Amino acid sequence: MTDQLSVDAVGVVPGDDAAETGRIDDALNRLGPVLQRFEDSQIPDGPAPYRPGTVPSELNALPAHGVGLDAVIDELSTAVEHGSRITVPGFSGFITTGATTVGVMAQTAVTVAGTQRYVLHAFNALEWTGLRWLAELCGLPAGVEGVFTSGGSTANLLALGAARQSAYERLGVDVAADGIPLTTRGRIYASQRVHHTVHRAAAVLGLGRNGVREIETDPDGRIDVEALDAALRADAAAGIVPIATVAVAGNTDLGSVDPIADVVAVARRYGSWVHVDGAYGLVANTAESLAPLFTGVEAADSWIVDPHKWLATGVGVGAVYVRDGALLTRAFAEGPAAYLEGAFSAVDEPQSMFDDMGGPWADQSVELSAPPRGVLVWAVLREIGRSGVRERVLRHAGFASDIAARARGDERLELLCGPHLSIVCFRYRPRRAGVDLDALNTRILERLRRETPFITSTTTVDGAVAIRPCFINPRTTQRDVDGLVDAVIRLGDELAAA
Ligand SMILES: *Cc1c(COP(=O)(O)O)cnc(C)c1O
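Cut-offs and rules
- Residues numbered from 1 in each chain as written.
- Predicted model: local features only at pLDDT ≥ 70, side-chain atom pairs only at ≥ 80, totals over all residues.
- Heavy atoms only, no water.
- Pairing = 2+ DSSP bridges.
- Helix = DSSP H or I, 4+ residues; strand = E, 2+ residues; numbered from the N terminus.
- Axes fitted to C-alpha atoms, helices over the stretch in contact; angles between N-to-C directions.
- Contact = heavy atoms within 4.5 Å.
- Core = buried A, V, L, I, M, F, W, Y, C linked by side-chain atoms within 4.5 Å.
- Buried < 20%, exposed > 50% of the residue type's maximum accessible area, 1.4 Å probe, protein only.
- Near = heavy atom within 4 Å.
- Polar contact = N/O pair within 3.5 Å; in protein donor to acceptor, adjacent residues only side chain to side chain.
- Areas by Shrake-Rupley, 256 points an atom, 1.4 Å probe, with all protein chains shown as cover.
- Nonpolar A, V, L, I, M, F, W, Y, C, P; charged D, E, K, R; others polar.
- Parallel < 35°, antiparallel > 145°, perpendicular 65-115°, else oblique.
- Left-handed = near helix turned anticlockwise from the far one by under 90°.
- Phe/Tyr/Trp six-rings, centres within 6.5 Å; stacked < 30°, edge-to-face > 60°.
- Right-handed = clockwise from strand over helix to strand, strands pointing away.

### Here's the deal with the sheet that holds strand β4 (residues 241-248)
Move 1: With mixed pairing, seven strands are arranged side by side in an open sheet as β1-β7-β6-β5-β4-β2-β3. Looking at the sheet topology across the chains shown, the edges are occupied by β1 (145-149) and β3 (212-215). Averaged over all adjacent pairs, the angle separating strand axes in this sheet is 20°, with direction ignored.
Move 2: Here β1 pairs with strand β7 (residues 318-322) via five bridges, running antiparallel. By the bridge assignment for β7, G146 is matched with Y321.
Move 3: Sheet strands touched by helix α7 (residues 197-204): β2 (186-191), β3 and β4. Its angle to β3, the strand with the most contacts, is close to 155°.
Move 4: Those strands touched by helix α9 (residues 260-269) are β4 and β5 (273-277), and its axis lies near 155° from that of β5.

Here is the structure:
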């Protein structure tokens, strides 16, 4: 064993830190116009992609001596020019978008003045407000407790962790303390269209990916509740512990919403927790005309929603809610630690922002250090209100049904599924027979990406490759929607003629 190095030997190092800790105003003034120019440019695919191999070589070696703040801002400005074009109005791929201006501002303010969500400061107060507003917006019952997360993946993990804790506590086992008893097997029930972060959560929670029992769906991708009932019944007879049944409120492929009330009714028969994955769709419950799709949502035990999707806070903001917050704590508390005990005075009337914790979230999730992400949610909702969200959701749902109508009315297009929420699946179909439609539509998507401002992504419907726009981007306009369909037809005609 080597001797422990004594830090005493380092002695006193003279001089100030190499990092600039001032001039934020000046730096923002320099980067701000660069960012605005970037947002104003509608070119989806700017200069050639900036891959690890193409980064200028001088940026690839760890600098022995730093270049200083000004040079870094110049380099950041160059990176911005090569930045992610996911926010351009014509982008409708996956389920993702970027921050609107208020999100950028809130993120910046949080970075400077909202350090750590575990002490008492204004940003943690706003985090509480953001949590409550988001639950209200989504129609969750009063009294739910929640925590913001890095996104839907972590949110699903936390919800299913609380479900696992609950299921085993009912068998007399504290699974957070003692692990899953070797003599038991637990399962999660979810549709074949469930997001695969549920499988990953099952793996992390020791249930295994194969611990997710996938249930058949109807042609619109909604869970078949009779098949769910049969699976739960067969597993109950085999002594398998039902950990959770997932209802998807807006599935990622097709946008359809599982019949939540029916899922709840079946799950309850077998004593199963019900989890609603509303990462994408749950905010649509705030639009009265769409709310019937979410009937029964308030009867679940846990829910997730991703503000970084339809609310456009900027990526890195998810949220999980549970009916019984104490379960989250029992499942995820860090436990007593010398570096925390006694750190707070736990007085009734805190005199300092270090007298108490800003919230219990560090013990209800898998993160200790974390920013108060809810400030971004607060800021977005404060700016546009319920009506702004409702109008966005309905405008986007209208885009999807508009494409469906065009697909129904044009013999070169085929509507494959939907519209559901703001997703629609269609494909190009040439007049002449004998063409490989999957290959043709894959080529169309590739050319859309490379040649047009209309970039979208794909899924399969009954095995067929579908062009699948999902509209959540606040910048998208009717022109982009029309442009996408026009481009699909034009490219399809060209490719089919070749
Ligand atoms: C996007 C999504 C997720 C995963 O969320 P991330 O924020 O990407 O981690 C989970 N479930 C559904 C239904 C989703 O659409």
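Having seen the model, we can carry on.
### Considering the nonpolar core
Move 1: With 93 residues, the main nonpolar core has L134 and Y321 as its most contacted residues.
Move 2: Ranked by residues supplied to this core, first place goes to helix α5 (residues 152-169) with nine residues.
Move 3: Not counting the four nearest positions on each side in its chain, L134 is found in contact with F148, V305, P307, L311, A319, Y321, V377 and L381.
Move 4: Counting residues in hydrophobic clusters, the runner-up holds 25 residues, among them I444, L448, I489 and A496.

### Some words on the site of the ligand
Move 1: By nearness alone, 15 residues border the ligand, and G152, S153, D277, D306 and K309 come closest of all.
Move 2: In the model, an oxygen atom of the ligand is placed 2.7 Å from a nitrogen or oxygen of the G152 main chain.
Move 3: Within the side chain of K309, a nitrogen or oxygen atom sits 2.8 Å from an oxygen atom of the ligand.
Move 4: In isolation the ligand has 380 Å² of accessible area, and contact with the protein removes 86% of it.
Move 5: Looking at the shell around the ligand element by element, the count peaks at three residues for α5.
Move 6: Residues of the shell around the ligand, tallied by class, amount to three nonpolar, nine polar and three charged.

### Description of the packing of α5 against helix α10 (residues 325-332)
Move 1: One can describe the packing of α5 onto α10 by two numbers: an axis separation of 8 Å at closest approach and a directional angle of 90°. In terms of axis orientation, α5 runs roughly perpendicular to α10. Contact residues: α5 offers L157, L158, G161, A162, Q165, S166 and E169, while α10 offers L327, L328, R330, A331 and F332.
Move 2: Its residues assigned to classes, the contact of α5 with α10 comprises seven nonpolar, three polar and two charged.

### Some thoughts on the packing of helix α12 (residues 437-451) against helix α13 (residues 478-497)
Move 1: At a closest axis distance of 9 Å, the pairing of α12 and α13 adopts a crossing angle of 120°. Comparing the axis directions of α12 and α13 gives the class oblique. The two elements α12 and α13 meet at a crossing, and its hand is right-handed. Here L440, R443, I444, R447, L448 and E451 of α12 lie close against α13, whose contacting residues are L484, A487, V488, L491, G492, E494, L495 and A496.

### Here we look at the packing of aromatic side chains
Move 1: One pass over the structure, following the stated rule, counts four aromatic pairs.
Move 2: Taking the centre distance of 6.4 Å and the plane angle of 45° together, the rings of F91 and F94 count as tilted.
Move 3: Overall, the relative accessible area of 53% leaves F94 in the exposed class.
Move 4: Here Y280 and W310 contribute two aromatic rings whose centre-to-centre distance is 5.2 Å and whose plane-to-plane angle is 25°, an arrangement assigned as stacked.

### Notes on the pairing of β4
Move 1: Of all eight residues making up β4, eight are buried, and the element is well covered by its neighbours.
Move 2: Relative to β4, β2 is paired through four bridges, and the arrangement is parallel. Each bridged residue has a counterpart across the sheet, and for R187 the counterpart in β4 is P242.
Move 3: Where β4 lies against β5, five bridges are found, and the strand directions are parallel. Directly across from V246, in β5, lies its bridge partner H275.
Move 4: Crossover handedness for the path β4 to α9 to β5: right-handed.

### Observations concerning the pairing of β5
Move 1: By the criterion of burial, β5 is predominantly enclosed, with five of the five residues buried.
Move 2: Pairing of β5 with strand β6 (residues 302-305) involves three bridges; the strand directions are parallel. Residue H275 lies in a different strand from β6, and its bridge partner there is S302.

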